[in-house]
Every structure is written in C-alpha cells, then in structure tokens.
Amino acid sequence: MKHITIELKHTPTEPSPMYLGIAVGLNSFHFPGCTLPAWDRSYIWICKVDGKIAGFATLRQVWGEKYGYLERVAVLKEFRGNGIQKSFIDIRMRYAKRLGWKGVLTYTTADNYPSINSLMHRGFSIYSPEYAWSGREMLYFKKEF
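The text that follows walks through the structure, step by step, so that each part is easy to find.

Parameters at a glance
- Residues numbered from 1 in each chain as written.
- Predicted model: local features only at pLDDT ≥ 70, side-chain atom pairs only at ≥ 80, totals over all residues.
- Heavy atoms only, no water.
- Salt bridge = Lys/Arg side-chain N within 4 Å of Asp/Glu carboxyl O.
- Helix = DSSP H or I, 4+ residues; strand = E, 2+ residues; numbered from the N terminus.
- Buried < 20%, exposed > 50% of the residue type's maximum accessible area, 1.4 Å probe, protein only.
- Pairing = 2+ DSSP bridges.
- Axes fitted to C-alpha atoms, helices over the stretch in contact; angles between N-to-C directions.
- Contact = heavy atoms within 4.5 Å.
- Core = buried A, V, L, I, M, F, W, Y, C linked by side-chain atoms within 4.5 Å.

One pass over the full model with this rule turns up four salt bridges. We note a salt bridge from E71 to R60, for which the minimum N-O separation is 2.9 Å. Pair noted here: E71 is in strand β4 (residues 67-75) and R60 is in strand β3 (residues 52-61), with a separation of 11 residues, a long-range link. Look at E71 and you get buried, because its relative accessible area is 8%.

The subject of this paragraph is unusual backbone geometry. Most peptide bonds adopt trans geometry, and most residues besides glycine take a negative phi value. Even without glycine at this site, D50 takes up a positive phi of about 50 degrees. Looking at where D50 falls in the secondary structure, it is placed in the loop between β2 (42-49) and β3.

Here we take up the sheet that holds strand β7 (residues 138-144). If you walk across this open sheet you meet the seven strands as β1-β2-β3-β4-β5-β7-β6, and the pairing is mixed. Looking at which strands have only one partner, the edges of the open sheet turn out to be β1 (4-10) and β6 (125-127). Sheet twist, expressed as the mean angle between neighbouring strand axes with direction ignored, is 30 degrees. Bridge count between strand β5 (residues 103-109) and β7: seven bridges; the pairing is antiparallel. Among the inter-strand pairings, T106 is bridged to a residue of β7, identified as F141. Contacts between helix α1 (residues 17-30) and the sheet are confined to β1, β2, β3 and β4, with β3 contributing the most and set at about 100 degrees to the helix.

This next bit is on the nonpolar core. Grouped together as the largest cluster of nonpolar side chains are 33 residues, with contacts concentrated most on L59, I84, F88 and F124. Mapped by element, the contributors of at least two residues to this core are α1, β2, β3, β4, α2 (84-98) and α3 (113-121). For this core, the leading source of residues is α2, giving seven residues. Apart from residues lying up to four places away in sequence, L59 is in contact with R41, S42, Y43, W45, G68, Y69, L70, R92, Y95, A96, W101 and V104.

Shown next as structure tokens:
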C-alpha cells in the first residue's frame, strides 16, 4: 500500500520559495514551453507518494470575482492511477469553499479524457466563458457551491 500525502505548501500570505521552486520545476517538466502563471497569488499543494514528490496543484482567486481557478495540476507518469488528480480537485474545492468563494473554474484540452472524466465526476459542468482566456479550442468547466 502506497503512502500518499497532499499538503498545502505555499499561500499568497505565507509564501514558500522552496515549494514554489518545486512547483516551477514540475510545471516546466510537465508543460514544456508554457509560460509560468503568476504563482505569487496562488495556493500550491504538493503530493508525495512514499516520500517522493509525485505532483502539484494550484488554486487562485479569479480577479474581481469570488471564484477559484484550478490553475495547474500535474502528476508524474509513474504515480498516475492512484487517484491523485481527483484528490487535488477535492482538496482545492474544499479550500475554495472555506475561503467563502462561490465556486471554481478550470479548463482542459478537448482530448484530455482523464481530466474531463475527473471534473465531470466531481460535479463540474462545461460552460462557455464570455472571454475564452486559453483559446476557443479548450473545454471550460465550472462548479458552483
């Protein structure tokens, strides 16, 4: 049985350069060529499996609104299939509720079936934002609390 832990390691009010660096490294490995989000306004969770870093996930408040944005998530290939992505979704939704936000938003590519399934099983609905911030070819999801 694997020992999986997911912990909040970086917040806008209590920044952690070490865990921010881990997230930046995992992001660069998982999303090569993508620009880095402004994580100084983000909450960052780190997942470890048997003491080894397995992935990260971020959450931040959408500017001017009371919604959370499930900004990035990455699970290294060797740790997939353990329910880590679903746990990351659940943890970030609970945290957004605790912060008093109205709901959460996110997006994924149209061919990312594991993410789409995880979001749909967690009660997210596909929606069309007024401004498609990541392009019209993406699928956008929203969940109200």
